[in-house]
Amino acid sequence: MRNRGIHLFENLNSPVLNCINSATASLSQTRQAHAYILKTGVSNDTHFATKLLSLYANHGCFADANLVLSSIPDPSVFSFSSLIYALTKFNLLGQSLLVFSRMASLGLAPDSRVLPNITKACAGLSSLKSGQQVHGIANVSGFSLDVIVQSSLIHMYVKCGQMDDARKVFDRLPQPDVVACSALVAGYARQGCVEKAHELFNEMRGLGLEPNLVSWNGVIAGFNHSGRHYEAAVMFKKMHLEGFNPDEGSVSSVLPALGDLEMLDTGIQVHGYVIVQGLGQDKCVVTALIDMYAKCACTLELSRVFDEMEDRDIGACNALITGLSRNGLFGNALELFRQFKDQGMELNVVSWTSMIASCSQNGKDIEALELFREMQFEGMKPNSVTIPCILPACANTAALMHGKAAHCFSLRSGISNDVYVGSALVDMYAKCGKIQISRLCFDNIPIKNLVCWNAIMRGYAMHGKVNEAMEIFHMMLKSRQKPDCISFTCILSACSQVGLMDQGWVYFNSMSRDHGIEPKVEHYACMITLMGRAGKLEEAYTMIKQMPFQPDGCVWGALLSSCRVHKNVILGEAAAKKLFKLEPKNPGNYILLSNIYASKAMWAEVDTLRDTMKSMGLRKNPGCSWIEIKNKVHMLLAGDKSHPQMTQIMGKLNKLSMEMKKSGYFPNTDFVLHDVEEQDKEQILCGHSEKLAVVLGLLNTLPGTSLQVIKNLRICDDCHAVIKYISRFEGREIFVRDTNRFHHFKDGVCSCGDYW
DNA sequence: GTAGGGTTAG
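The structure displayed is predicted, hence computed values, not measured ones.

Thresholds, definitions, all that
Residues numbered from 1 in each chain as written. Chains lettered and ligands numbered in written order. Predicted model: local features only at pLDDT ≥ 70, side-chain atom pairs only at ≥ 80, totals over all residues. Heavy atoms only, no water. Helix = DSSP H or I, 4+ residues; strand = E, 2+ residues; numbered from the N terminus. Rg over C-alpha atoms; globule rule 2.2 N^0.38 Å. Buried < 20%, exposed > 50% of the residue type's maximum accessible area, 1.4 Å probe, protein only. Contact = heavy atoms within 4.5 Å. Areas by Shrake-Rupley, 256 points an atom, 1.4 Å probe, with all protein chains shown as cover. Lys, Arg positive; Asp, Glu negative; His and termini not counted. Charge placed at Lys NZ, Arg CZ, Asp CG, Glu CD. UniProt positions renumbered as here; feature names shortened; annotations may be inferred. Phe/Tyr/Trp six-rings, centres within 6.5 Å; stacked < 30°, edge-to-face > 60°. Lys NZ or Arg CZ within 6 Å of the ring centre and 35° of its normal. Near = heavy atom within 4 Å. Polar contact = N/O pair within 3.5 Å; in protein donor to acceptor, adjacent residues only side chain to side chain. Nonpolar A, V, L, I, M, F, W, Y, C, P; charged D, E, K, R; others polar. Expected span 1.5 Å × (residues − 1). Axes fitted to C-alpha atoms, helices over the stretch in contact; angles between N-to-C directions. Parallel < 35°, antiparallel > 145°, perpendicular 65-115°, else oblique. Pairing = 2+ DSSP bridges. Left-handed = near helix turned anticlockwise from the far one by under 90°. Salt bridge = Lys/Arg side-chain N within 4 Å of Asp/Glu carboxyl O.

1. Overview of the overall build of chain A
Next, step 1: Scanning chain A from N- to C-terminus turns up 41 helices and six strands.
Next, step 2: Over its C-alpha trace chain A gives a radius of gyration of 34 Å, far above what one expects of a compact globule, namely 27 Å for 756 residues.
Next, step 3: In terms of its C-alpha atoms, chain A occupies a principal-axis envelope of roughly 115 × 60 × 50 Å.
Next, step 4: Expressed as a percentage of the 756 residues in chain A, the buried residues total 51%.
Next, step 5: Once local pairs closer than 6 in sequence are excluded, the contacts in chain A between residues at least 24 apart make up 62%.
Next, step 6: When the accessible surface of chain A is summed, it comes to about 35300 Å², and 54% of that surface belongs to carbon and sulfur atoms.
Next, step 7: Taking the average place of the 74 positive charges on the side chains of chain A and the average place of its 72 negative ones, the gap between the two points comes to 5 Å.

Structure follows, in structure tokens:
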């Protein structure tokens, strides 16, 4: 058959057939040749058919290629190999594997051309099982010493995260070449074993192998990904000094590291190198340049690099948006995002995730939740980075249903084991009042890191569950996770929530002695709170005076709040005096001192303070509360009447107020400005946002449903008393999270034991 | 027709 084909081909001398002998035949030439062959009856000739198949496949016409393949009565390994090659090249990896198994089922042994390509397909699919099968077939087919086949297997094992297997393949090679070695170096770097990558890189010359671009770039990228930015920069410099010309890959790996190091001068030099070498057309290089300038706070330069780009790449757009947002230009970033979307730019998951992260980092939680919804509406699937970005927005607004939806999504898409996702879930559930679910999520994280240990401890601290927090702390030490300074902030604040003084001191004293962590100003602030809340104000003041460094606003603030709880004017004034110097524009401090004066009926002082605030143009931060009802987050501002259900809310509140008075409750008007009538004071108290939110919840949920409210300031005494009453009178569990901790109201009592 | 895939989101 084959001979007849060549014979015909030569004799016919047809230009139509001639062209299919060349690998560059166009698709229309291929189709003409196919038609000609069908017409002249040489269609089942293996030689022509294989040529045709290969051309169709290389043009991506796999339906035609398969048709031709099935018309060949006795296909050879060559027919299959060209198809497998093209399918892999077009990234149709699953189909490539199918064709391979079809070939194997015909009893055809693969050759040295099929094996690397099919291995590449397994690598691309991260399909270890298929990869191992191919490895077995390769070895029984006599390719166990073939350096090309074995190099591709190294790459496959690297992609599947099996570094030990990759190393075994490498060690079995009698004469590893530079390709095999570089694959392993790059693999170690990629899998986070940068130490091993660097070591093997240094050994290469001893093995008689000169490191090439792949190995250099692998090590640079490895250092960059492991956060060892300086070493990445050093490698880059060394590479250049040793006469290697860094390429696009080297430049785009080193630039983010230079950005993190804020080595602007070096960054500018690399930019110069990019221009001289003509690497400026590469999309990754441009993106990395934008990122570097953004990290060095050069907003003008980053916009310039973007504007000079010829065709806009989504990666560069994403870097631009993040860069602007990171440098305080959140509004511009959001505007650009909208523009890109309206212009029909194909946004990817990074674009959406970056914008959601920017919102969340800039306090735009509701906007973040809306973007998350919009993203899914547009058919974009969130990933394991999106989820940790959206969860803080759910946590901040107590949007439990949104948070649960994100949790369900993580379970469905198999990313709930990810430690970042897990930690964000722990944090979200804790902040939404569901500490038990938070703990379940924590227990389900298979490989724990410092972040998730700290997250669950912070959760317990927030809920005033000091025993559980201490249990976690000791579990953490037992599992040989070293605590950091945040771990101590969590455990100390847990102690301070319940006034556990002795334990607090034990942890504080152990910091430096047992863990080598010098207490920082925030740890002192915890201790001041701990002592202050317990009424040991003088001791707290002494500790501040003896601190090894200058106390900051947090420390004095801790003392001032304690003075408010214990109505101590003298120390309160001392703390406030310091605070007015340290944070002259923070209205909270003036309000706290004013509250202390008011509680002692020192109205002249209250007036003076109010005048000071007025003359400085300071206003009390408006109280603001959030409650999620039926998937919608409602925001209520103190005294704001704009909520559509406000009439109903006020009606219900008045009714409750009457009931309360009947049972002996009198509104606590201590903290309300004195020069209004008693009745107006009550009205002002009624306008507190947490009360409005609770009542809105009562009105819109079935009896017995628990309520979750978040407040941006600390809960006031009056609201605390009222909500306690509501919890009993209405038979509801009510969770209120203020800036300090959780209050869990049930049957007329609060979990904080009225100590906050 | 064996190795890298670099960059932008936590």
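There's plenty left to go through after this.
2. Observations regarding the UniProt feature "repeat: PPR" (unreviewed entry) in chain A
Next, step 1: In this numbering, the UniProt entry assigns the feature "repeat: PPR" (unreviewed entry) to residues 76-110, 146-176, 177-211, 212-246, 313-347, 348-382 and 449-483.
Next, step 2: Between the end C-alpha atoms of residues 177-211 the distance is 10 Å, and the span holds 66% helix and 0% strand.
Next, step 3: A helix fraction of 74% and a strand fraction of 0% characterise residues 348-382, whose end C-alpha atoms lie 10 Å from each other.

3. Section: the packing of aromatic side chains
Next, step 1: According to the stated counting rule, one finds 15 aromatic pairs in the structure shown.
Next, step 2: In this structure, K448 packs its charged tip against the face of F442, placed 5.0 Å from the ring centre.

4. Digging into the protein's contact with DNA strand B
Next, step 1: Taken together, 42 residues lie around DNA strand B, and H155, R190, N212, N217 and E248 are the ones closest in.
Next, step 2: Sugar plus phosphate, as a fraction of atoms of DNA strand B within 4 Å of the protein: 45%.
Next, step 3: Between DNA strand B and S253, the relevant distance is 3.5 Å, taken from a sugar or linking oxygen to a side-chain nitrogen or oxygen of the residue.
Next, step 4: N383 is positioned with one of its side-chain polar atoms (N or O) 3.0 Å from a base nitrogen of DNA strand B.
Next, step 5: Class assignment for the residues of the surface near DNA strand B results in 13 nonpolar, 21 polar and eight charged.

5. Here's the deal with the side chain of S81
Next, step 1: With respect to the helices and strands, the residue S81 is situated in helix 6 (residues 77-89).
Next, step 2: Here the side chain of S81 touches F78 through a polar contact of 3.2 Å, landing on its backbone oxygen.
Next, step 3: With sequence-adjacent residues up to four places away left out, S81 is seen in contact with R113 and V114.

6. Here we look at helix 4 (residues 46-58)
Next, step 1: In this model helix 4 runs 18 Å from its N-terminal to its C-terminal C-alpha over 13 residues, within 8% of the 18 Å that 1.5 Å per residue would give.
Next, step 2: Burial analysis of helix 4 places eleven of its 13 residues in the buried class, which makes it a mostly covered element.
Next, step 3: Along helix 4, the positions that sit buried rather than exposed are T46, H47, F48, A49, T50, L52, L53, S54, L55, Y56 and A57.
Next, step 4: Looking one or two places after helix 4, you find G60, whose phi comes out positive at around 80 degrees.

7. A short note on the packing of helix 32 (residues 521-533) against helix 34 (residues 553-565)
In a packed pair of helices, the relevant descriptors are the angle between the two axes and the axis-to-axis distance.
Next, step 1: Relative orientation of the contacting elements helix 32 and helix 34 amounts to 10 degrees, with a least axis distance of 8 Å. It follows from the interaxial angle that helix 32 and helix 34 lie roughly parallel. Residues V521, A525, I528, T529, G532 and R533 of helix 32 touch helix 34, and the partners they reach there are C554, V555, A558, L559, S561, S562 and V565.
Next, step 2: Residue classes in the contact of helix 32 with helix 34 are distributed as eight nonpolar, four polar and one charged.

8. Considerations on the environment of K295
Next, step 1: For K295, the location among the structural elements is in helix 18 (residues 283-295).
Next, step 2: Sequence separation between K295 and V709 is 414 residues; the distance between their C-alpha atoms is 37 Å.
Next, step 3: For K295, the residues in contact, after removing those within four places along its chain, are P256, G259, D260, E262 and R326.
Next, step 4: One polar contact links K295 to D260, side chain to side chain, over a distance of 3.4 Å.

9. Digging into the pairing of strand 5 (residues 742-746)
Next, step 1: Bridge analysis of strand 4 (residues 734-737) against strand 5 gives four bridges, and the strand direction is antiparallel. Looking across to strand 5, one finds that R737 is bridged to F742.
Next, step 2: In sequence, strand 4 turns back onto strand 5 through a hairpin of four residues.
Next, step 3: Taken together, the two bridges between strand 5 and strand 6 (residues 749-750) define a ladder with antiparallel strand orientation. From the neighbouring strand, F745 faces strand 6, where its bridge partner is C750.
Next, step 4: Between strand 5 and strand 6, which follow one another and run antiparallel, lie two residues, and D747 among them has a positive phi close to 50 degrees.

10. Some details on the environment of L391
Next, step 1: If you trace the backbone, L391 turns up in helix 24 (residues 386-396).
Next, step 2: With 198 residues separating them in the primary sequence, L391 and C193 have C-alpha atoms 30 Å apart.
Next, step 3: Ignoring anything within four residues of it in the chain, the contact list for L391 reads G403, A406, V421, A424, L425 and M428.

11. Focus on the sheet that holds strand 5
Each strand in a sheet pairs with another by means of backbone hydrogen bonds, the pair being arranged parallel or else antiparallel.
Next, step 1: A sheet is described by the order of its strands in space; here six strands give the open sequence 2-1-3-4-5-6, paired in mixed fashion. This sheet does not close on itself; its edge strands, each paired only once, are strand 2 (632-637) and strand 6.
Next, step 2: Bridge count between strand 3 (residues 707-711) and strand 4: four bridges; the pairing is parallel. The residue bridging Q708 from the neighbouring strand is F735, located in strand 4.
Next, step 3: Where helix 40 (residues 689-700) meets the sheet, it contacts strand 1 (624-629), strand 2, strand 3 and strand 4, and its direction lies at approximately 15 degrees from that of strand 1.
Next, step 4: Along the sheet, helix 41 (residues 717-729) contacts strand 4, strand 5 and strand 6; its crossing angle with strand 5, the most-contacted strand, is approximately 40 degrees.

12. Here we look at the packing of helix 12 (residues 178-190) against helix 13 (residues 194-203)
Next, step 1: Their axes nearest at 7 Å, the elements helix 12 and helix 13 cross at an angle of 155 degrees. Classified by the interaxial angle, the pair formed by helix 12 and helix 13 is roughly antiparallel. The crossing of helix 12 and helix 13 is left-handed. Here C181, L184, V185, Y188 and A189 of helix 12 come into contact with helix 13, specifically with V194, K196, A197, L200 and F201.
Next, step 2: Grouping the amino acids of the contact of helix 12 with helix 13 by side-chain chemistry returns nine nonpolar, no polar and one charged.

13. Section: the pattern of salt bridges
Next, step 1: For the structure shown, the criterion picks out 24 salt bridges.
Next, step 2: Its salt-bridge partner being D165, residue K168 comes within 3.9 Å of it at the nearest N-O pair. With a gap of three residues between them, K168 and D165 both fall in helix 11 (residues 163-172), about one helical turn apart.
Next, step 3: Of the residues examined, D165 reaches a relative accessible area of 22% and is grouped as partly exposed.
Next, step 4: Residues E471 and R439 are paired through a salt bridge, measuring 3.8 Å at the closest nitrogen-oxygen approach. Of this pair, E471 sits in helix 29 (residues 466-478) while R439 sits in helix 27 (residues 435-443), and the two are 32 residues apart along the sequence.
Next, step 5: By relative accessible area, E471 is classed as partly exposed at 40%.
Next, step 6: On the accessibility criterion, R439 (16% relative accessible area) is buried.
Next, step 7: In this structure, a network of salt bridges that share partners links the residues D260, D291, K295 and R326.

14. Observations concerning helix 22 (residues 349-361)
Next, step 1: In a regular helix each residue adds 1.5 Å, so 13 residues correspond to 18 Å; helix 22 covers 18 Å between its end C-alpha atoms and thus fits that length.
Next, step 2: Within helix 22, eleven of the 13 residues are buried, leaving the element largely enclosed by the surrounding structure.
Next, step 3: By the burial criterion, the buried members of helix 22 are V349, S351, W352, T353, S354, M355, I356, A357, S358, C359 and S360.
Next, step 4: Elements that come into contact with the buried residues of helix 22 comprise helix 20 (314-326), helix 21 (330-342), helix 23 (365-377) and helix 24.
Next, step 5: Between the side-chain oxygen at the start of helix 22 and the backbone nitrogen of V350 there is a gap of 3.1 Å, and the oxygen is on N348.
Next, step 6: Of the residues one or two after helix 22, G363 is the one with positive phi, at around 75 degrees.

15. Brief notes about the environment of M616
Next, step 1: Along the chain, M616 turns up in the loop between helix 37 (603-615) and strand 1.
Next, step 2: For the pair formed by M616 and P584, sequence separation is 32 residues and the distance between their alpha carbons is 9.0 Å.
Next, step 3: If we ignore the near neighbours within four places in the chain, the residues touching M616 are P584 and Y590.

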